[in-house]
Each structure stands twice: as C-alpha cells, then as structure tokens.
Amino acid sequence: MEEAVTQLTSTQSPNLLDDNRCLHEQLVDGVQVEYEQNAEQVGRFVNPIDFDNPENNDWLITTQFTVQIGDKPRRRPDMVVFINGLPISVLEFKNPTDPKATLENAYDQVNNRYWNDIPKLLRYNEVVGLMSMNEALVGGLKAGWEWYRPWRYIEEEGDDPDYSEEEVLLRGVFGKERLLDLIENFVVFSDKDGQLAKILAGYHQFYGVREAVESAKETMGSELGRAGVYWHTQGSGKSLSMVYFVRKIRRSEDFGNPTFVIVTDRNDLDEQIVHTFSDAGYNVDWADSIEDLRDQLDRKAGGLVFTTIQKFQTKDDERDYPVVNEREDIIVMADEAHRSQTEQLGLNLRQALPNASFLGFTATPIHEGDKATRTTFGNHVSEYTIDRSEQDGSTVPIYYESRFAKLQLNKEAISESVRELLDSGSEDLEDELVEKWTNLRRIIENADDRLERLSEDIVEHYNDREIEGKAMVVAISRKAAVKYQRYIEEQPESPEVEVVISEPEEYIDDPPPEGELKRRFKDPDDPLKIVVVCDKWTTGFDCPPLHTLYIDRPMKNHNLLQTIGRVNRVYKDKPGGLVVDYIGIAEDLRKALDKYTADIQDTAMVDIETAVEVMEQKHHQVSQYLSNVDYEGWQELSEVDLTRLIHRAESEVIETEEKQEKFMQAVAELRRAFALVTPHEAANKIRSDLLFFESVRDSLRSLEAENSRQDQDMDSAMKKLIAEGVTADDVISVAGFDKWKSEEPIVSDEFLSDVDRVEEPELQAKMLESLLKNEISTRKQQNLAKYESFEEELEDTLNEYNNQFLTTDEVIEELRNYADELQQEDRRKERLGLTEEELAFYDAISSNTDSEIPEDKLSEIAEELCEMLKENVNIDWTNRKAMRSKLKIRVKGLLRKNGFSHDDYDPLIDPIVHQAEALYGDVTGEAGS
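Residues numbered from 1 in each chain as written. Predicted model: local features only at pLDDT ≥ 70, side-chain atom pairs only at ≥ 80, totals over all residues. Heavy atoms only, no water.

Under an unreviewed UniProt entry, the name given to the protein is type I site-specific deoxyribonuclease, and the organism recorded is Natrinema altunense. In the Catalytic activity (unreviewed entry) part of its UniProt record, the protein is described as follows: "Endonucleolytic cleavage of DNA to give random double-stranded fragments with terminal 5'-phosphates, ATP is simultaneously hydrolyzed." Per UniProt, the protein has the following entry under Sequence similarities (unreviewed entry): "Belongs to the HsdR family." (UniProt positions renumbered as here; feature names shortened; annotations may be inferred.)

Next up, the structure:
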C-alpha cells in the first residue's frame, strides 16, 4: 500500500497534462506494485477507487480550499471534490451579483492560473465545472474554451428537468455512480499530431453510449443481432462515441473479451476512424485485403478489426461468402450504416459473422422511407439532432447563400440539367443517373469563362469574410477541380490553393502527398487556405477552422448533408459555417432534401438572410445604448473632437456596471453576427458603426484591472475589424487610455492630468475609481493595516455614489482626496526613511495602539521587526496555525525588549503577525488549508 501511495504522489512527468494522463491510467487501471511474499517477488494492482461500489469510497467536498506551492500565489478554488483523498474535480462559481464575473473568467482561473500556480492540485483532476447563476459548463483539464459544454440531462429526471443549468450539471455529473462511470469510461487522452489533448464526453455521448451498451448486452446471442442505430448529428463527436462504446464494453464483466469489427464504406472514413482509435492509445488491426480481412476475423477472442465493406467481396471461385467466425461475442460497428449495409456486401458481412451483433452509427438521420436500415440494425438507441447540437454548442449552425443567380452564370443547359437531377428520386446522382450527370459534367468542365468568373468570385468572397480560417470548393469532377485551382491561383490576392482528388497524377505533375495537404489544411496557421475537391474530404474529414464551402456540384439528401457538415465544427468563437451555392441546390432546398422530414429540411441549412436580420436586430440593440450620441461621420472628426465623442459615448454606457457589461456583451454578439454575414452588403452598411462601438468598448476595457480583462484576451477566430483603413486600436491611441494597458497604473500627476482632460464627469469618476482600486489592491499586498481600511472607505464612498447619495461632482472630489492621500503616503515613506515592508509594520503598530510612541522610536521598532521576520522567511508555512504561534512568541519578545507592557503589546500581536503572513507567508510553504 505504501508503494502505491508513493507512486500516486510522485510526479510521473514534468508536463502536467502528461502527468495527469499517467495518474488517470493508475486511477482507472490500478497502481502496479511489487512486494515480497514467501521469499518471492509478487506483483499486483492496487485500485485507488472502487468503481463498482460507489459507497465503498470516501467522498469529500470542500469549499474555499486553500492551496499554495512555494513562492507562487496562494489560490483558493471555490469547490474541490475528493474521492479517497484525491482531488478529482475542481468547480469554480462566479458571483451572480458581479456582472464582470463571467464563465470565461472561471475557465481562465482553472486552466491558466491554477495550472501555473497550483499544478499539484490538478494532477488528479478528471472534471472541471464552471458555474454561474444562469450558466454551467463542464469540460476536461486544459481543453479549449470551446470544448466546455452544458450538461442537459439527468437520467432519473428525464429531459429538461425543472432545475437551473447549474443544478442540472451538479446532479447530472456528480451523482456518485455517474461520476465514477464518467471517470472510468468517458475520458480519453488523444495524442494527435504530437499534441496531447484531454477529452471529456458530452452528456449526449455519455447517455447515448450507455444506452448502446445496454442494447448490445441484450442483443448478444439473439437470433437477429440488431443492437440498434446510434444517430448523432455530424460534428458532435460520433467517432469518439465509438471509442467510449468500446472502452465501456471492454471494462464490463458482462461481455468477456469480445471482438469489435468497425466497418465503413470509404477508405478516407476508414482511415479517419482508425486514427481516432490509435490516437486514443488503442491497438488496432487494419485489414488491407480481402484475404487479410478473413484472417483477422478468424480469431478466438479480442481485437479491434477495421475494414471497408468492399473487402467482404467473394473470390472468383466462390458462389456465396463463406462463414468466417460463428462466435456470439463479436460486435460489428457499422459507420454510416444506411449507405451500404443493406445491399449484397452487407449480406456477405452477415454471412461471414452469422451470430454477431450489429450496431449502426450514423451522422445523418435515417429518412422515413429507409425501412431497410431499421430492418438490418433495429430502432434508434440514441438520437442527437441538429438543433440540439447547435443549442449545446457541440456544433455551429450552417447558413447558405445562393450566388449563382446573382452572377448570372448558369446557362439554361446547366439549370435544366440540375433541375432534372434534383427532381429524380435517386440518392447517388453520379452513379445512378449516369447519362444526365455526364452531360452536365461536360458542360461545366468546358465552360471556362464560367469557371474563371466563379474563381474570381470565390477569391473576392473569401478575402472579404471577417473570419480567420479555411475554405473548400466542391467541383463536379476531377477535371473541373484542377481547372478551378488554376483559375483561383491566377486571381490577384489569391490565397494559397491546392487540389485534392483521387489519382491526381493523371492531371498534375508531381502532386504533393495527400497526407501532407491534410496536415497543412487542418493547421490554422498554415498559409494553405483553400482546397478544391471533387469527392474526397466531403465525408469523414474534420477541419474545425473550415468556415466556408463553395459548392458547384449537384447533391441530394444524405450526400448533401454529409458535405455541408464539413463547416459545422466548433472552432474558437466561429459563429457558424457558410455554404455558398453556385449550382442551384439552395433554390429548392426541400427538393434537395426530399427524403427527410420538414424539421431536418428546416435545420440543415438556414438562409443567410435570416442571419442578416439577426445582425440588424443586434445593431439596433447596440445603437440604443448610444441613442443620445451623434456618432454619424465620426471618422471625419479631428483628434480633439473624436476624443470628446468617444468620451461622451463612454459616459452614456457607464451609468451602471450592469449597463456597461450588457453593452460589452451586445457589441460582442453584434461582432459575431457581422462576421458570419460578411461580405454581405448589409454588413458593409454597418461596418463603420461597428468599429465605433468596438472603439468605445475597447477604450472602457483599458480602464479595467488586468485580471478583469482575462476573458477579453481569449483567442478569437474573427479578423481585426477595419473600416476605411482604420482599426479600433487606431481610435484608442487617439481617444482612449491605451497607455493604461501597458503600464501599471500609479497615482501620479501624469495620470491625474489625464483625468482632468476628460470633459465628462461620469467618465472622470470611472477613471479615478479604476485607478484607485488598482493602486490600493497592489499596495494592500504590502501594507494590510493602512490599505484595508483605505479600501473599505473607498467602497463606502462608491456605494454612496451608486445609491445616489453623492453627486458626480461630489464623488470626484472624494476620489481626488483619496488620490492625494496615496501621494502623501509615498512622501511619508520617504520622510520616515523606511522601506515598503518597514512602513507596513510601522502602520500595523500605529493603527492598533493608543500609546504615544515617538516617530523615531516607532521607525526603529518597525525596522527591527522587519529584520527579525526576514530572518525567519524560510520557515515552513505548511502548518499555519503552528507558524503563527511561533511568530507571536518572537514578536512578543521583541516588543517586550522595547519596553512594551502586556497591555501595550497584546493588541499589536495579531496585526503584526497577519502583516508578516501577508508579506512572507507565500514564500516557501508547500500547501495550506
């Protein structure tokens, strides 16, 4: 047991996330130890957590748990959940009465400040919760902000229980059985492209996989073997759900050691799922031929076999496909199940594995007429719809913009051919309507003037989008794709573009490897911005920075949903994906999705004009905050007049903290709506207004303390807004307080003169408030006695102002008096000849005694105290109670030596020790609570 504890408390890796992975494996799989028994070395696993019996574990929840490591700042997480003494979860709760206390602040607190300052607490972390009054998110340690999601469901409560989001998350995640299941089976460390990431399942994956596992258990050994259909819309983590499914079954005693056969119908999809499993640390068997597949399936137990359905072909001398394995503990996981599992190759698969269970996975819904898929796999075991995914933030919404009519480039022959294809009842237009498809393909391939004009429009449209990221062009054929690449490259200011097609050497000399193009395109910082494809990468390809899809290829139903889903991945603050239609699909979307119900047709893609309406509504909302400010033509103003205008606008916004925060949020929402709509002409009409709004917002931000701006500094997918060559930074440099960002605010004549130049009294008060709060917060760390009382006085004054007991002029006068006092403090330190630390002890005594002590004597005592305490700076602060007792004895002795009686020194001991702890208590302690 001692060896197990030693391993658990020893650092496994200098990289915290690597260390966290090692500890996760020990928590879940057990700690391997060796010991001597009967003169022999014996090995066994010690389990730190009993996952099968939740009540066998020791559960503890603490609030305001204080942790400090070395000379780093002391941190106090709001809540820590312990299992058997191990801190497996940290929860941060933001003050609902503070409009500046956001979930983004809470995220930064855990993943940056705690990560840097108290990493030992996070070594064991499995779940991070972020809470506010109206929002609650859960995620994995160091996962990107966009991967923190709500928890919407409690198993025993059903959908939409009558609780706040916070309570749903607390009940849903932290029920003992669910939390242990989440830790054991729904945490994946993915080592992709050398970047380690910790992935925590979303609630839809957690409950969906649990249902699928129960269905598989009931199905195993049954005659039909139908385990069901798992439909989770594309982009919501279906491939990871397959990983969680395999993990949970492997750890269950109900299944023994089953063999999993993962079947797809496309090589690129097969490759993508193989990499998902291998990145998550699984050993995989990848069948590379018809014969190899049969060898892989002919096994007695275990294994993860990956194959395409095409490898279930019969050989030349075979009439029927042979039986390969009759075991009942084989689970077939068919991805995109409805595409090929119901035809001959699917029948061959069932002939090969007659007693297996079959679970169908799909990212697109099974349409009403598809009875064959239900007959093959059974009913849905889990559904996660498009609208629910968007609501949860698992995916972003998809909008479409039709441009072919605007460009007037579709000749009648093209329009007529597209209409015939879409009117047909066929799903696969290319293979089933060969003659019509071929005619259309030839027309488009040979219409070079059209391809050239569309290429010009693509480059112009892409460059004018206000989102950083990538774009994909979907061409009707390989030949058309190659032409597109050439014409795009010929455009002025064209970004780098490549073509990705099958057998590219038929059209391109020395084409770059597809793997290299895939790596480059997925890298948001790589200059490769546009790819032209024909069929490749339109399914099973994840590229979160991809935000725009240009379609010049007729598609219907499943194929259309698969393709447009490439742009619905979450990436930073990407507001949505955009599909630009050059072929006429969007002209009659219901016809293009005629096999699906109306709700699928309505949610698959939304007309960009709807987004324009939302943007205009948000523009009106922001403009209402400045209804008393005439900002029209602001860019033509002189520097002096622009400064006055910005200050006037700020004064309108800062009437209350709540109004200011709502304005900030409204501007952010308008910015996202604007970025989504661009380069629509409606966006260009409000560009100048938006830049003015952002300038006002950013100017106000520059007055905030650094820690309150943390969430504003988070990485964004939006480009910097420019209007007529001007940015918000340019405006701030003229009319704002940009130097307050780069310099620590100090009470000086220079800063006070900045205040004097502001003509708006409310803004003067705001500037003085911000300046004084920052200054006092900094000084209080050095001198508790003086600045704690100073801080209380300031808060009382501001409360009187906010409650309208003081006028603006009166509060400005009061704040100026405080500023004068701070400057006098600087002069007092110089007059007494004391350091900051010595002055702190001087004030700790003078503020807590009624005795008349001469200044020179008091200065001498302060110097002695400081010297004595500095000598003890390396003492261990781990046990703070014992440490305070030791310091009190030493302080008493020093004061007695200086002639203080018991009645004189008794009221001074605690203030002096508290000041010592504030100055030196964070220096060498390992942890305190």
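After that view of the structure, there is still more to cover.
**As for the overall build of the protein**
Along its length, the protein carries 37 helices and 25 strands. Looking at the protein residue by residue over its 929 residues, the buried ones come to 56%. Sequence separation of 24 or more characterises 72% of the internal contacts of the protein that already satisfy a separation of 6 or more. Carbon and sulfur atoms make up 43% of the accessible area of the protein, which totals about 40,900 Å². (Helix = DSSP H or I, 4+ residues; strand = E, 2+ residues; numbered from the N terminus. Buried < 20%, exposed > 50% of the residue type's maximum accessible area, 1.4 Å probe, protein only. Contact = heavy atoms within 4.5 Å. Areas by Shrake-Rupley, 256 points an atom, 1.4 Å probe, with all protein chains shown as cover.)

**Some remarks on the packing of aromatic side chains**
Within this structure, the stated rule accounts for 25 aromatic pairs. Connected via pairs of aromatic rings, a cluster forms that spans W151, Y153, F186, Y203, F206, Y207, Y244 and Y384. Positioned over the ring face of Y163 is R171, at 4.4 Å from the centre of the ring. Over the ring of Y487 we find R486, and its NZ or CZ is 5.0 Å from the ring centre. (Phe/Tyr/Trp six-rings, centres within 6.5 Å; stacked < 30°, edge-to-face > 60°. Lys NZ or Arg CZ within 6 Å of the ring centre and 35° of its normal.)

**A look at the environment of K870**
On the secondary structure map, K870 appears in helix 35 (residues 855-871). The class for K870 is partly exposed, based on a relative accessible area of 45%. With 46 residues separating them in the primary sequence, K870 and A916 have C-alpha atoms 9.2 Å apart.

**Considering the UniProt feature "coiled-coil region" (unreviewed entry) in the protein**
Here, UniProt's "coiled-coil region" (unreviewed entry) annotation points to residues 437-464 and 780-832. When the span residues 437-464 is considered, its composition is 96% helix and 0% strand, and the gap between its end C-alpha atoms is 33 Å.

**Description of helix 33 (residues 808-832)**
Note on helix geometry: an α-helix contains 3.6 residues per turn, so any two residues three or four positions apart are oriented the same way. Counted at 1.5 Å a residue, the expected span for helix 33 with its 25 residues is 36 Å, and the 36 Å between its end C-alpha atoms agrees. The complete set of buried residues in helix 33 reads T808, V811, I812, L815, Y818, A819, L822, Q823, E825, R828 and L832. Positive backbone phi, at 70°, marks G833, one or two positions downstream of helix 33. (Expected span 1.5 Å × (residues − 1).)

**Some remarks on the side chain of T849**
Here T849 lies in the loop between helix 34 (836-846) and helix 35. Polar contacts involving the side chain of T849 include one to the main-chain amide nitrogen of S851, which spans 3.1 Å. (Polar contact = N/O pair within 3.5 Å; in protein donor to acceptor, adjacent residues only side chain to side chain.)

**Things to note about the side chain of S241**
Checked against the element boundaries, S241 lands in helix 8 (residues 238-250). Other than its neighbours up to four places away in sequence, S241 contacts Q205, V209, Y230 and H232.

**Looking at the pattern of salt bridges**
Per the counting criterion, the structure on display carries 47 salt bridges. One salt bridge in this structure joins K217 and D254, with 3.3 Å as the shortest N-O distance. Taken together, the residues K217 in helix 7 (residues 203-219) and D254 in the loop between helix 8 and strand 13 (259-264) connect sequence positions 37 residues apart. Residues R266 and D535 are paired through a salt bridge, measuring 3.4 Å at the closest nitrogen-oxygen approach. Of this pair, R266 sits in the loop between strand 13 and helix 9 (267-279) while D535 sits in the loop between strand 22 (528-533) and strand 23 (546-551), and the two are 269 residues apart along the sequence. With relative accessibility at 37%, the residue D535 sits in the partly exposed group. When salt bridges with common partners are traced through the structure, they connect E466, R671, R687, E694, R697, D698 and R701 into a single cluster. (Salt bridge = Lys/Arg side-chain N within 4 Å of Asp/Glu carboxyl O.)

**Quick look at the environment of S222**
Relative to the helices and strands, S222 resides in the loop between helix 7 and strand 12 (226-232). Along the primary structure S222 and N355 are separated by 133 residues, whereas in three dimensions their C-alpha atoms are 7.8 Å apart. Among the polar contacts made by the side chain of S222, one reaches the main-chain amide nitrogen of G225 at a distance of 3.2 Å.

**Looking at helix 17 (residues 434-446)**
Taking 1.5 Å as the rise per residue, helix 17 with 13 residues should run 18 Å; its terminal C-alpha atoms sit 18 Å apart, in good agreement. Taken together, the buried positions of helix 17 are occupied by W437, T438, L440, I444 and E445. With its buried residues spanning 170° around the axis, helix 17 presents them on a single face. (Arc of directions from axis to C-beta.)

**Some remarks on the sheet that holds strand 19 (residues 398-402)**
If you trace the seven strands from one edge of the open sheet to the other, you get 21-22-20-23-24-19-25, paired in parallel fashion. Looking at strand neighbours, the two that pair on one side only are strand 21 (496-500) and strand 25 (606-607), the edges of this open sheet. Bridging between strand 19 and strand 25 involves two bridges; their strand directions are parallel. Bridging from a neighbouring strand, Y400 pairs with D607 of strand 25. Packing against the sheet, helix 20 (residues 514-522) makes contact with strand 20 (470-474), strand 21, strand 22 and strand 23, and its axis sits at approximately 130° to strand 22. (Pairing = 2+ DSSP bridges. Axes fitted to C-alpha atoms, helices over the stretch in contact; angles between N-to-C directions.)

**Observations regarding the pairing of strand 11 (residues 195-200)**
Across the two faces of strand 11 the burial differs, with L196, K198 and L200 buried and Q195, A197 and I199 not buried at all. Examined bridge by bridge, strand 10 (residues 187-192) and strand 11 share six bridges and lie antiparallel to one another. Looking across to strand 11, one finds that V187 is bridged to L200. In sequence, strand 10 turns back onto strand 11 through a hairpin of two residues, with D193 there showing a positive phi of about 55°.

**Thoughts on the sheet that holds strand 13**
Spatial ordering of the open sheet is given by 14-15-13-16-17-12-18, a layout of seven strands whose pairing is parallel. Two strands in the sheet have a free side with no partner beyond their single neighbour: strand 14 (285-286) and strand 18 (380-384). The pairing of strand 12 with strand 17 (residues 357-362) spans five bridges and is classified as parallel. Note that in strand 17 the partner of G228 across the bridge is L359. Relative to strand 15 (residues 304-308), helix 9 is tilted by about 165°, and along the sheet it contacts strand 13, strand 14, strand 15 and strand 16 (330-335).

**Considering the packing of helix 7 against helix 8**
Contact pair helix 7 / helix 8: the axes reach a minimum separation of 9 Å and the direction vectors enclose 50°. One way to sum up the angle between helix 7 and helix 8 is to call them oblique. Crossing of helix 7 against helix 8: the hand is right-handed. Only L240, S241, Y244, F245, K248 and I249 of helix 8 make contact with helix 7, whose side of the interface consists of Q205, V209, R210, A212, V213 and A216. (Parallel < 35°, antiparallel > 145°, perpendicular 65-115°, else oblique. Left-handed = near helix turned anticlockwise from the far one by under 90°.)

**So, the pairing of strand 24 (residues 577-581)**
Most of strand 24 is tucked away: five of the five residues are buried. As paired elements, strand 19 and strand 24 share five bridges and run parallel to each other. Counterpart to S402 in the pairing with strand 24 is D581. Pairing geometry for strand 23 and strand 24, over four bridges, is parallel. Looking at strand 24, one finds that Y550 is bridged to V580. Read as a crossover between parallel neighbours, the route from strand 23 over helix 21 (residues 557-564) to strand 24 is right-handed. (Right-handed = clockwise from strand over helix to strand, strands pointing away.)

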